[in-house]
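# Understanding the architecture of this molecule
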Amino acid sequence: MNFTWSPDQEPPEFKVTKLGWLLVVLRAVPLALVLFLGVVVMAIMRVAEYPIFGAARPLTPWITVCVCRVALRILGVRASVEGSALTEKGAMVANHSSWLDIFVLNSVRPLYFVSKAEVAGWPGIGLLARITGTVFIARDRREAKAQQEVFETRLKAGHLLLFFPEGTSTDGFRVLPFKSTLFQAFFDPTLRDNMHIQPVTVVYSAPDNEDPRHFGWWGDMDFGPHALKLLASPRSGAVTIVYHQSISVSSCEDRKTLAVQAEEAVRSGMPEERRVSG
C-alpha cells in the first residue's frame, strides 16, 4: 500500500476512546517510572564510571538498552531482529519514521544517536538525550568543522554512533534520499581505514484495523498527540529491525558514494511496496 508523500500532509485522525484513556494511564505511569529510574541509576553509575573510563562509557549504555526494552513492552510494540548489529568500529545509519525509533534501535545494543540541536531543549526527551550521550549537531554550515571534530572524538573513543541521513522523519512507507554531509567525518585519514557503516532498516507494522502509517511521525505533528495515540492504542503493533552487511568506508570513493550505497541497502530492507523514494 503506497501513499503520496508530503511533509505537509495532515496526520490520520485518531480518537481516544474510554478504553484508550484507561490504557494511557496504565501505560504512561509505569513508562514514566521506568524512565525516571533509568535516569537515576545511570546518573549514579556515571559518577563512578567517568573517573575510570572517561568518555568510553562501557557500563551505563546497557541501562539504556534495558530501559528501552521495557518501554517497548509497556507500549505493546513487538520487536524482532534480522541480521546482526555492527561489531566493527564505525556507525549505523537508518531510515527515520518516528521518535519511537530511539527506543527501538536502543533496545538491541548500546549506541549513541546523532540528533539535531533543537532536541536538546525539548522537555523530557532533551534531558534523556543528554544523559544517554546523544551527539547534538546544528544546521549551520559554519559549524561543520567543529561538528566533524566532535564525531571524530566520539569515534576514537569507541562509541558506536547512529544517525538518520534522511534528515527528517516520514510516514514509514518510503526512504527519502540520504544527505551525505555527516558521512564526511568517516573519511578523516586517521579513521577511514578502520571505519565501517552499517545500514539498518526499521520496518513498522501497524496494529490491526489501524491506519498503516500508525507509527509515522512527520511534518508538523506534535509529540504529545502522537505519543497519546501510541499509548491509547488497544491493539499491539510490531517493528522489525533489519541489520545489513556493513560497508567499509575505505572501499568508497567519497561521502556521496557511501551515502548512496547505504541508502540503497536501507531501502532494500523495506517490503516491496515501500521501496519508493521522495
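Keep in mind that what you see is a predicted model, and the values were worked out from it rather than measured.

What follows covers the overall build of the chain. Helix and strand counts for the chain stand at 7 helices and 8 strands. In terms of C-alpha radius of gyration, the chain reaches 19 Å, essentially the compact-globule figure of 19 Å for 278 residues. Viewed in the frame of its principal axes, the chain has a C-alpha envelope of about 60 × 45 × 35 Å. A burial count over the chain gives 50% of its 278 residues as buried. Within the chain, contacts between residues separated by at least 24 positions form 76% of all contacts whose residues are at least 6 apart in sequence. Entry remark: accessible area of the chain is about 13700 Å², with carbon and sulfur atoms responsible for 58%. Where the 29 positive side-chain charges of the chain centre and where its 27 negative ones centre are 5 Å apart.

Residues M92, L100, F103, V104 and L105 are the most contacted members of the largest nonpolar core, which totals 41 residues. Ranked by residue count, the leading element in this core is helix 2 (residues 61–75), at 7 residues. Each residue touching V104, except ones within four places of it in the same chain, is listed here: L72, V202, Y204, V239 and I241. Judged by nonpolar contacts, the second largest core, of 28 residues, contains A91, L258, A262 and M270.

Note on helix geometry: an α-helix contains 3.6 residues per turn, so any two residues three or four positions apart are oriented the same way. Its 15 residues place the ends of helix 2 21 Å apart at the C-alpha level, agreeing with the 21 Å of an ideal helix rising 1.5 Å per residue. Within helix 2, the full set of buried residues consists of P61, I63, T64, V65, V67, C68, A71, L72, I74 and L75. Summarising the contacts, the buried residues of helix 2 are in contact with helix 1 (18–53), strand 1 (78–82), helix 3 (101–106), strand 3 (112–116) and helix 6 (223–232). Two residues or fewer after helix 2 comes G76, characterised by a positive phi angle close to 80 degrees.

Time to look at the packing of aromatic side chains. Here the distance between the centres and the angle between the planes together describe a pair of aromatic rings. Counted under the stated rule, the structure contains 9 aromatic pairs. Plain terms: the ring middles of F151 and F163 are 6.3 Å apart, the flat faces sit at 50 degrees to each other, and that makes the pair tilted. Pair noted here: F151 is in helix 5 (residues 144–156) and F163 is in strand 5 (residues 161–163), with a separation of 12 residues, a long-range link. An identical accessibility class is assigned to F151 and F163; each is buried. Their ring planes at 25 degrees and their centres at 5.0 Å tell us that Y204 and F215 sit as a pair that is stacked. Of this pair, Y204 sits in strand 6 (residues 196–205) while F215 sits in the loop between strand 6 and helix 6, and the two are 11 residues apart along the sequence. The structure contains a cluster of three or more aromatic residues connected by ring pairs, namely W99, F103, W217 and F223.

Here the focus is the pairing of strand 7 (residues 238–243). Burial of strand 7 is extensive: 5 of the 6 residues sit out of reach of the surface. In terms of strand pairing, strand 1 meets strand 7 through 5 bridges, oriented parallel. Looking at the pairing, A79 lines up with V239 of strand 7. Pairing between strand 6 and strand 7: 6 bridges, direction antiparallel. Bridging from a neighbouring strand, Y204 pairs with V239 of strand 7.

Relative to the elements of secondary structure, L37 occurs in helix 1. For L37, a relative accessible area of 46% puts it in the partly exposed group. The sequence separation of L37 and V67 amounts to 30 residues, and the corresponding C-alpha distance is 8.9 Å.

A few words on the side chain of R46. Mapped onto the fold, R46 is located in helix 1. The exposure class assigned to R46 is buried, which follows from its relative accessible area of 16%. Excluding residues within four positions of it along the chain, R46 makes contact with P51, G54, A55, R57 and T60.

In this model, helix 1 (36 residues) spans 50 Å end to end at C-alpha, consistent with the 52 Å of a helix rising 1.5 Å per residue. Within helix 1, the full set of buried residues consists of G20, L23, V24, R27, L31, V34, L35, G38, V39, M42, R46 and E49. Those residues of helix 1 that are buried lie in contact with helix 2, helix 3, helix 4 (125–131) and helix 6. In the stretch just after helix 1, G54 is the one whose phi turns positive, near 65 degrees.

About the thresholds
- Residues numbered from 1 in each chain as written.
- Predicted model: local features only at pLDDT ≥ 70, side-chain atom pairs only at ≥ 80, totals over all residues.
- Heavy atoms only, no water.
- Helix = DSSP H or I, 4+ residues; strand = E, 2+ residues; numbered from the N terminus.
- Rg over C-alpha atoms; globule rule 2.2 N^0.38 Å.
- Buried < 20%, exposed > 50% of the residue type's maximum accessible area, 1.4 Å probe, protein only.
- Contact = heavy atoms within 4.5 Å.
- Areas by Shrake-Rupley, 256 points an atom, 1.4 Å probe, with all protein chains shown as cover.
- Lys, Arg positive; Asp, Glu negative; His and termini not counted.
- Charge placed at Lys NZ, Arg CZ, Asp CG, Glu CD.
- Core = buried A, V, L, I, M, F, W, Y, C linked by side-chain atoms within 4.5 Å.
- Expected span 1.5 Å × (residues − 1).
- Phe/Tyr/Trp six-rings, centres within 6.5 Å; stacked < 30°, edge-to-face > 60°.
- Pairing = 2+ DSSP bridges.

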